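# A look at the structure
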Amino acid sequence: MYVIIDFETTGLDAKKHQVIEVAALKTDLERDFGMINYFCRLHKDKELPTFIRDYTGITKEDLKGGLPEYRGLDLLTEFIDHDDIVVAHHIPFDLSFLFHRCWWEAKNFICTRVLSRMVDPTKSASLGDVTKRYGIQLTNHHRAMYDVYATKEVLKILMPKVKGKYINTLYSYKNRPLEYIPKCTEVILKDVPG
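Report on the accompanying structure. (Residues numbered from 1 in each chain as written. Predicted model: local features only at pLDDT ≥ 70, side-chain atom pairs only at ≥ 80, totals over all residues. Heavy atoms only, no water.)

## What to know about the nonpolar core
With 29 residues, the main nonpolar core has I5, F7, L76, I91 and L95 as its most contacted residues. Mapped by element, the contributors of at least two residues to this core are strand 1 (2–9), strand 2 (19–27), helix 3 (69–79), strand 4 (85–88), helix 4 (91–102), strand 5 (108–111) and strand 6 (169–173). Element by element, the count of residues in this core is highest for helix 4, at five residues. Not counting residues within four places of it along the chain, the set of residues in contact with L76 comprises I5, F7, V22, A24, F39 and L98. Formed by 22 residues, the second largest nonpolar core is a distinct cluster that contains I4, I85, V87 and L127. (Core = buried A, V, L, I, M, F, W, Y, C linked by side-chain atoms within 4.5 Å. Buried < 20%, exposed > 50% of the residue type's maximum accessible area, 1.4 Å probe, protein only. Helix = DSSP H or I, 4+ residues; strand = E, 2+ residues; numbered from the N terminus. Contact = heavy atoms within 4.5 Å.)

Listed below in structure tokens is the structure:
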């Protein structure tokens, strides 16, 4: 099974910022990546920066009925079975929040951003650009469940195009090193990000 995840946060630093929205979708190849189950939660936060509100569309009012962050992340880790492959578009970002909050690491993962770099090494690997390139609908970008659905379609298109090992593989650039690397990772060093 694959569990595709996405987080919306109050910033980029897992040590300082909070997760305000998390979504996950469980799928598998036998069902042609059809949805088996899903998980989506908003989290209460202490501060919602104006930039993040404008970027995501998430408001203070949206978060009022949310769960405490630790509870939402605990529920997410319970949703992911031990043998599931965790998928995200930029997985070091999402997994860094899980690790710093729950000390939880994925046993196996796929980063669709890495798949995009493998298939189109000179083109932008941002989720918005990848979905546009492959004709994938991406509405409400930067809302977790919408990004999860788009990431599922990216995975469905790119997995057959990639030859070789891509599970637990990340690219790290000398001028933009990864801040968080799961311990099961094979890191491929690159000179310049495309």
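## Description of the packing of helix 5 (residues 112–119) against helix 7 (residues 144–158)
Where helix 5 contacts helix 7, the axes come no closer than 10 Å and their chain directions differ by 40°. By the angle between their directions, the pair helix 5 and helix 7 is classed as oblique. The interaxial crossing formed by helix 5 with helix 7 has left-handed handedness. On the side of helix 5, the interface is formed by T112, L115, S116 and V119, while helix 7 contributes T151, V154, L155 and L158. (Axes fitted to C-alpha atoms, helices over the stretch in contact; angles between N-to-C directions. Parallel < 35°, antiparallel > 145°, perpendicular 65-115°, else oblique. Left-handed = near helix turned anticlockwise from the far one by under 90°.)

## Quick look at the packing of aromatic side chains
Under the criterion given, the structure shown has five aromatic pairs. Members of the aromatic cluster, connected to one another through ring pairs, are F99, W103 and Y180. The ring of F79 is capped by K26, whose NZ or CZ atom sits 5.1 Å from the centre of that ring. Positioned above the aromatic ring of Y171, the side-chain terminus of K190 is 4.7 Å from the ring centre. (Phe/Tyr/Trp six-rings, centres within 6.5 Å; stacked < 30°, edge-to-face > 60°. Lys NZ or Arg CZ within 6 Å of the ring centre and 35° of its normal.)

## Considering the environment of E47
Structurally, E47 can be placed in the loop between strand 3 (35–42) and helix 1 (50–56). You can call E47 exposed: its relative accessible area is 62%. Dropping the residues within four chain positions of it, E47 is found in contact with T10, Q18 and K60.

Keep in mind that these numbers describe shape and distance, not what the molecule does.
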